[in-house]
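Descriptive analysis of the structure
Chain by chain, the residues:
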Amino acid sequence: MKNKKIQTLKGFRDFLPEEKRKRDYVMSKIIQTFQLYGFEPVETPGLEYADLLLGKYGDEADKLVYNFQDRGGRQVALPYDQTVPTARVLAQYQGSLPKIFKRYSIKNVFRADKPQKGRFREFTQCDIDIFGTQNPTSDAEIIACTYDAIKNIGFDQVIIKVNDRQVLLNTLKPYEIEGKVDVYSIIQSIDKLDKLPSEKVTQELVSKGLTQENAQQALKDIRSAIKSDNLQQIITTATQLGTPQKAIQFEPTLARGLDYYTGIIFEIIIPSYPVGSVGGGGRYDNLINQLGGIDVPAVGLAFGFDRLVEAATQLDLIPSNNLGSQVLVINPENNQINAYQTANKLRQAGISTELYAEPAKLGKQFKYANKKSISWVVVIAEEEIKQDKITLKNMESGEQQLTTINESIKIISQNWYWS
C-alpha cells in the first residue's frame with residue numbers, strides 16, 4: 001500500500017516562518033495605525049449558528065458558506081465574512097457598547113469557492129468600521145486612517161478613489177426602464193469601466209435593454225458628473241485630518257457593485273503595484289438593520305491583506321531585520337552553562353537570540369546560522385572562558401573579535417549586518 005500524500009486541503013495555505021513574519025510585520029503596521037485612530041479590537045468566534053449566516057448574502061453566496069451539523073446536533077457555519085458576525089455583536093451587546101463604536105477586526109474567513117490564482121478558501125480579512133453615526137467626519141476618519149495605514153507599511157504613494165453612491169443613482173436613474181432594467185443593473189455595468197473598454201460596457205447596457213444612444217449618453221453623463229456636497233465635505237475634512245489632497249481622487253464611475261452602499265464609496269490604489277485595488281469600502285447605513293435587526297448607520301473599509309503583503313514584498317518594504325533571530329549562541333560540547341548564561345543576557349538586553357538546540361560541532365552550527373540568515377554568532381570555548389569573554393562573529397563580513405558580553409550587546413545593537 002502506497003503512503004498517502006501529505007498536503008494541505010485545496011484552497012488552504014501554510015505560512016512557514018519567513019512568510020509568516022512578513023504577514024505579521026504588515027499586520028503590526030496596520031494595527032499600529034488603527035489604534036492611533038482610536039479603533040478598538042473585536043474578535044468573533046470561528047463558528048456561528050448557520051441560520052445567522054445563511055440567507056444574508058444571497059443564494060449564490062449561500063452556496064459558498066461552509067456549514068455542517070456539530071456533535072450536539074446544531075447547524076453551524078464557518079464565517080463567510082466579518083460583517084454579519086459584527087452585526088450580531090452590535091445587536092447582542094448594544095447595551096454595553098458605546099453609541100458610536102469604532103472597531104477593527106482581523107481574522108480568517110472561509111468560502112467554499114473554486115480555488116484559483118489569488119483566490120483561496122481561507123483568507124484574512126482586515127476591516128475598520130465606525131458604527132452609530134452618519135456624520136461625515138466618520139467617513140473622513142476612515143479615509144485618513146486608511147491612508148496612514150498604507151503609508152505606515154512603507155508605500156511611497158497611495159491613491160484613494162472616491163465617489164458618492166447618490167451621484168451614481170441621481171445620474172443614472174433616468175436611464176432605467178421599468179420592468180426591464182433598473183438603475184442598480186446599470187450601475188453594475190458602469191462598475192466595469194475600469195476593466196473593459198467603453199464599447200464593451202455600452203454593448204452590455206444595450207443587451208440589458210437600453211438603446212445604443214441612451215447607453216452612450218449614460219456613460220457620457222456619469223463621466224462628467226460632479227462631486228456631491230456631502231462628498232466634498234468628506235474630502236475637505238479628510239485633508240484637514242492630514243490626508244494630502246492629491247491622494248484623494250474623485251472618480252464618478254466608481255461603483256463597487258454592491259447594492260447596500262448608501263453614501264461614499266472608495267477604493268485604495270497603490271500606483272507602484274498596478275494589479276488592482278488593495279482595499280475598498282463605503283457607507284452602508286441600512287445593512288446592519290437588515291442583518292441584525294437594529295438601526296445602526298455604518299461606514300467602513302476592508303483591506304486586501306494578501307495583496308498588501310504581496311505588494312510590500314515585491315517593493316522590498318519589509319525590513320530584513322524582520323527575518324528572525326539576530327544572534328546564534330553556539331551550543332558547545334562542554335561548558336554549556338556559559339552558553340546558557342550568555343543567551344540569557346542577550347535576551348535580557350532585548351536581542352533576539354537563538355541557542356542551538358543541542359551540542360554539535362562548530363561547522364554544523366555555523367551552517368545552521370547561514371541557512372537562517374542569522375547575522376551574528378557567539379562562540380564560547382575554553383580560551384573565551386579563561387578570559388571571561390566571548391568571540392563574536394559577523395556572518396556577513398566574516399570578521400570576528402574577542403570581546404565582553406556587554407560590549408557585544410552594544411556592537412549588535414548599533415551595527416546590524418543583514419544578508
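Here, every reference points to the structure presented above.
I will try to describe carefully the structure that is included in this document.

Cut-offs and rules
- Residues numbered from 1 in each chain as written.
- Predicted model: local features only at pLDDT ≥ 70, side-chain atom pairs only at ≥ 80, totals over all residues.
- Heavy atoms only, no water.
- Helix = DSSP H or I, 4+ residues; strand = E, 2+ residues; numbered from the N terminus.
- Contact = heavy atoms within 4.5 Å.
- Areas by Shrake-Rupley, 256 points an atom, 1.4 Å probe, with all protein chains shown as cover.
- Salt bridge = Lys/Arg side-chain N within 4 Å of Asp/Glu carboxyl O.
- Buried < 20%, exposed > 50% of the residue type's maximum accessible area, 1.4 Å probe, protein only.
- Pairing = 2+ DSSP bridges.
- Axes fitted to C-alpha atoms, helices over the stretch in contact; angles between N-to-C directions.
- Core = buried A, V, L, I, M, F, W, Y, C linked by side-chain atoms within 4.5 Å.
- Parallel < 35°, antiparallel > 145°, perpendicular 65-115°, else oblique.
- Left-handed = near helix turned anticlockwise from the far one by under 90°.
- Nonpolar A, V, L, I, M, F, W, Y, C, P; charged D, E, K, R; others polar.
- Arc of directions from axis to C-beta.

Quick word on the overall build of the protein
- Looking only at helices and strands, one finds 16 helices and 16 strands in the protein.
- Each of the three principal axes of the protein carries a C-alpha extent, and together these read 95 × 55 × 50 Å.
- Within the protein, counting contacts between residues at least 6 apart in sequence, those at least 24 apart form 66% of the total.
- As presented, the protein carries roughly 22200 Å² of accessible surface, and 47% of it is formed by carbon and sulfur atoms.

Points about the pattern of salt bridges
- For the structure shown, the criterion picks out 18 salt bridges.
- A salt bridge links Arg 23 to Asp 306; its shortest N-O distance comes to 2.7 Å. Placement of Arg 23 in helix 1 (residues 17–36) and of Asp 306 in helix 12 (residues 305–314) is noted, with a sequence separation of 283 residues between them.
- Judged by its relative accessible area of 5%, Arg 23 falls in the buried class.
- With a closest N to O distance of 2.9 Å, Glu 141 and Lys 102 form a salt bridge. Of this pair, Glu 141 sits in helix 5 (residues 136–153) while Lys 102 sits in strand 5 (residues 101–110), and the two are 39 residues apart along the sequence.

Let's talk about the environment of Ala 357
- Assignment of secondary structure puts Ala 357 in the loop between strand 13 (353–355) and helix 14 (362–371).
- Through-space distance from the C-alpha of Ala 357 to that of Tyr 66 is 41 Å; in sequence the pair is 291 residues apart.

Describing the sheet that holds strand 3 (residues 67–69)
- Spatially, the three strands line up as an open sheet ordered 2-4-3, and their pairing is antiparallel. Strands with a single pairing partner mark the edges of an open sheet, and in this sheet they are strand 2 (48–49) and strand 3.
- Pairing of strand 2 with strand 4 (residues 75–77), which is carried by two bridges, proceeds in the antiparallel orientation. Bridging across to strand 4, Tyr 49 finds its partner in Val 76.

Considering the sheet that holds strand 1 (residues 40–41)
- Pairing is mixed across the open sheet formed by eight strands, whose spatial order is 1-5-6-11-10-9-7-8. Across the chains shown, the open sheet's two edge strands, defined by having one partner strand only, are strand 1 and strand 8 (248–250).
- Bridge analysis of strand 7 (residues 159–164) against strand 9 (residues 264–269) gives six bridges, and the strand direction is antiparallel. Looking at the pairing, Asp 164 lines up with Ile 264 of strand 9.
- Against the sheet, helix 10 (residues 229–240) contacts strand 7, strand 8 and strand 9, and its axis sits at roughly 155 degrees relative to strand 7.

What to know about the side chain of Asp 139
- Following the sequence through the fold, Asp 139 ends up in helix 5.
- The class of Asp 139 is buried, set by a relative accessible area of 2%.
- Setting aside anything within four residues of it in sequence, one finds Asp 139 in contact with Ile 234, Ile 264, Arg 283 and Val 299.

Details of the nonpolar core
- By size, the foremost hydrophobic cluster in this structure holds 44 residues, and its most contacted members are Val 26, Phe 34, Phe 39, Ile 143, Val 162 and Leu 308.
- Where this core is concerned, the elements lending two or more residues are helix 1, strand 6 (122–131), helix 5, strand 7, helix 10, strand 9, strand 11 (298–303) and helix 12.
- Here the element with the most residues in this core is helix 5; it accounts for nine residues.
- When sequence neighbours within four positions are dropped, the list of residues in contact with Val 26 reads Ile 153, Phe 305, Leu 308, Val 309, Ala 312 and Ile 318.

So, the packing of helix 13 (residues 336–348) against helix 16 (residues 405–414)
- With their axes 11 Å apart at the nearest point, helix 13 and helix 16 run at an angle of 45 degrees to one another. As far as their axial angle goes, helix 16 and helix 13 are oblique. Crossing hand, helix 13 versus helix 16: right-handed. Residue-level inspection shows Thr 342, Lys 345 and Leu 346 of helix 13 in contact with helix 16, the latter providing Ile 405, Ile 409 and Ile 412.
- Class assignment for the residues of the contact of helix 13 with helix 16 results in four nonpolar, one polar and one charged.

Observations concerning helix 12
- Among all positions in helix 12, only Phe 305, Leu 308, Val 309, Ala 311 and Ala 312 are buried. All buried residues of helix 12 project into a common sector of 165 degrees when viewed along the axis, lining one side.
- Its buried side turned inward, helix 12 meets helix 1, strand 6, helix 5 and strand 11.

Overview of the pairing of strand 11
- Strand 11 sits mainly inside the fold: five of its six residues count as buried.
- Taken together, the six bridges between strand 6 and strand 11 define a ladder with antiparallel strand orientation. Note that in strand 11 the partner of Ile 128 across the bridge is Leu 301.
- Of the strand pairs in this sheet, strand 10 (residues 279–283) and strand 11 are connected by five bridges, and their pairing is antiparallel. Across the sheet, the residue bridging to Arg 283 is Val 299, located in strand 11.

Section: the packing of helix 5 against helix 10
- Helix 10 packs onto helix 5 with a crossing angle of 55 degrees between their chain directions and a minimal axis gap of 8 Å. Relative to helix 10, helix 5 is oriented oblique. In the packing of helix 5 onto helix 10, the handedness of the crossing is right-handed. Within the contact between the two elements, helix 5 uses Pro 136, Thr 137, Asp 139, Ala 140 and Ile 143 and helix 10 uses Asn 230, Gln 233, Ile 234, Thr 237 and Ala 238.
- Grouping the constituent residues of the contact of helix 5 with helix 10 by class yields five nonpolar, four polar and one charged.

None of the figures reported here should be taken as evidence of function without further support.
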